[in-house]
Each structure stands twice: as C-alpha cells, then as structure tokens.
Amino acid sequence: MAQTMRPNTAAGGLFATDGKSHPLQDTLLAVTLVLGVTAIITAMFENLHLLSSWTGLVGILTGAYGQWVSETTRQRFGLILGLGASAVGFFLGMAHGGLFGGLVG
C-alpha cells in the first residue's frame, strides 16, 4: 500500500501521463484540434464550405492516424474531441456545397 501514498513525480509533457516524451503524438493531437476547430467554425458560414469540408477531411485523417499511434489516454481524449469537431465541420461543409462545390459545373 505504500505506492498509493507516493506522489507521481514522473517528468514529462502535459499529455505524457507515462512520463515519456511523445512529440509525434502531441503534434498530431494539436494539428487535429486546430483543424477541428477551424472546420467547425467555418462550417457556420455557408460560403466557406470549401474550407470547412477540406479542413474537416484532413482533420479526420490526421485524427485517425493519431488514434492509431497514440500512447496515452489524454492523447486519445483530445484526438476524439478533434475528430468530432472535424467530422461535424466536414459534414456541414459537404451539406453546404462539398469539396468541389462551385468550382465545377
């Protein structure tokens, strides 16, 4: 029971709960979150459907790869938030005109 009284002094980044550095995973997390926020904000404007659909699509792909290589629960939690925002932005962008809407035809 002594381990329950010992404080966790593992050094590491904000998202490294195992005490190790994960620069690739943390970068994928940050990129996915930025793309997700961009996609969901630009999806609120119908004329920005190209930006929202493309950033949403790239955010989904980045987040999926990030989930595949993630190593901690905190990384996975942030990636799920980014993936959700990217998906909502992507689908709203597709509903407003899609990836190539207005350019072809």
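Structure first, text after, so check above.
This section reports on the structure supplied with the text. (Residues numbered from 1 in each chain as written. Predicted model: local features only at pLDDT ≥ 70, side-chain atom pairs only at ≥ 80, totals over all residues. Heavy atoms only, no water.)

**Let's talk about the overall build of the protein**
Moving on, step 1. Counting its regular elements, the protein contains four helices and zero strands.
Moving on, step 2. Starting at the N terminus and walking to the C terminus, you meet the elements of the protein as α-α-α-α.
Moving on, step 3. Across the 105 residues that make up the protein, the buried fraction comes to 33%.
Moving on, step 4. Once local pairs closer than 6 in sequence are excluded, the contacts in the protein between residues at least 24 apart make up 74%.
Moving on, step 5. As displayed, the protein offers around 6,600 Å² of accessible surface, 70% of which is attributable to carbon and sulfur atoms. (Helix = DSSP H or I, 4+ residues; strand = E, 2+ residues; numbered from the N terminus. Buried < 20%, exposed > 50% of the residue type's maximum accessible area, 1.4 Å probe, protein only. Contact = heavy atoms within 4.5 Å. Areas by Shrake-Rupley, 256 points an atom, 1.4 Å probe, with all protein chains shown as cover.)

**As for the environment of aspartate 18**
Moving on, step 1. With respect to the helices and strands, aspartate 18 occurs in the loop between helix 1 (2-5) and helix 2 (23-42).
Moving on, step 2. By relative accessible area, which is 35% here, aspartate 18 ends up partly exposed.
Moving on, step 3. With 54 residues separating them in the primary sequence, aspartate 18 and threonine 72 have C-alpha atoms 7.2 Å apart.
Moving on, step 4. Those residues in contact with aspartate 18 that sit more than four places away from it in its chain are Glu71 and Thr72.

**What to know about helix 3 (residues 49-69)**
Structurally, the α-helix is built with 3.6 residues per turn, so residues lying three or four positions apart point the same way.
Moving on, step 1. With 21 residues, helix 3 extends 30 Å between its outermost C-alpha atoms, agreeing within 8% with the 30 Å of an ideal straight helix rising 1.5 Å per residue.
Moving on, step 2. Listed as buried for helix 3 are His49, Ser52, Ser53, Thr55, Gly56, Gly59, Thr62, Gly63, Gly66 and Val69.
Moving on, step 3. Buried positions along helix 3 lie against helix 2 and helix 4 (73-96). (Expected span 1.5 Å × (residues − 1).)

**Some remarks on the environment of glutamine 75**
Moving on, step 1. Looking at the element boundaries, glutamine 75 is found in helix 4.
Moving on, step 2. Considered as a pair, glutamine 75 and histidine 22 are 53 residues apart in the sequence and their alpha carbons are 9.7 Å apart.

**Let's talk about helix 4**
Moving on, step 1. Between its terminal C-alpha atoms helix 4 stretches 35 Å, which fits the 34 Å expected from 24 residues at 1.5 Å a residue.
Moving on, step 2. Those residues of helix 4 not exposed but buried are Gln75, Gly78, Leu79, Gly82, Leu83, Ala85, Ser86, Gly89, Phe90 and Gly93.
Moving on, step 3. The inward-facing, buried residues of helix 4 abut helix 2 and helix 3.
Moving on, step 4. Immediately beyond the C-terminal end of helix 4, within one or two residues, lies glycine 97, with a positive phi of roughly 160°.

**What about a nonpolar patch on the surface?**
Moving on, step 1. Nonpolar side chains collect at one region of the surface, where Val37, Ile41, Met44, Phe45, Leu48 and Leu51 lie side by side and expose about 560 Å² of accessible area between them.
Moving on, step 2. Mapped onto the elements, valine 37 comes out in helix 2. (Patch = residues over 30% accessible without salt bridge, like charges linked within 9 Å, V, L, I, M, F, W, Y side chains within 5 Å. Salt bridge = Lys/Arg side-chain N within 4 Å of Asp/Glu carboxyl O.)

**Quick look at the packing of helix 2 against helix 4**
Moving on, step 1. The contact between helix 2 and helix 4 brings their axes to 7 Å, and the two run at 30°. It follows from the interaxial angle that helix 2 and helix 4 lie roughly parallel. Judged by the twist between their axes, the crossing of helix 2 over helix 4 is left-handed. The residues of helix 4 that touch helix 2, namely those facing Gln25, Asp26, Leu28, Leu29, Thr32, Leu33, Leu35, Gly36, Val37, Ala39 and Ile40, are Gln75, Gly78, Leu79, Leu81, Gly82, Leu83, Ala85, Ser86, Val88 and Gly89.
Moving on, step 2. Taken together, the residues of the contact of helix 2 with helix 4 sort by class into twelve nonpolar, eight polar and one charged. (Axes fitted to C-alpha atoms, helices over the stretch in contact; angles between N-to-C directions. Parallel < 35°, antiparallel > 145°, perpendicular 65-115°, else oblique. Left-handed = near helix turned anticlockwise from the far one by under 90°. Nonpolar A, V, L, I, M, F, W, Y, C, P; charged D, E, K, R; others polar.)

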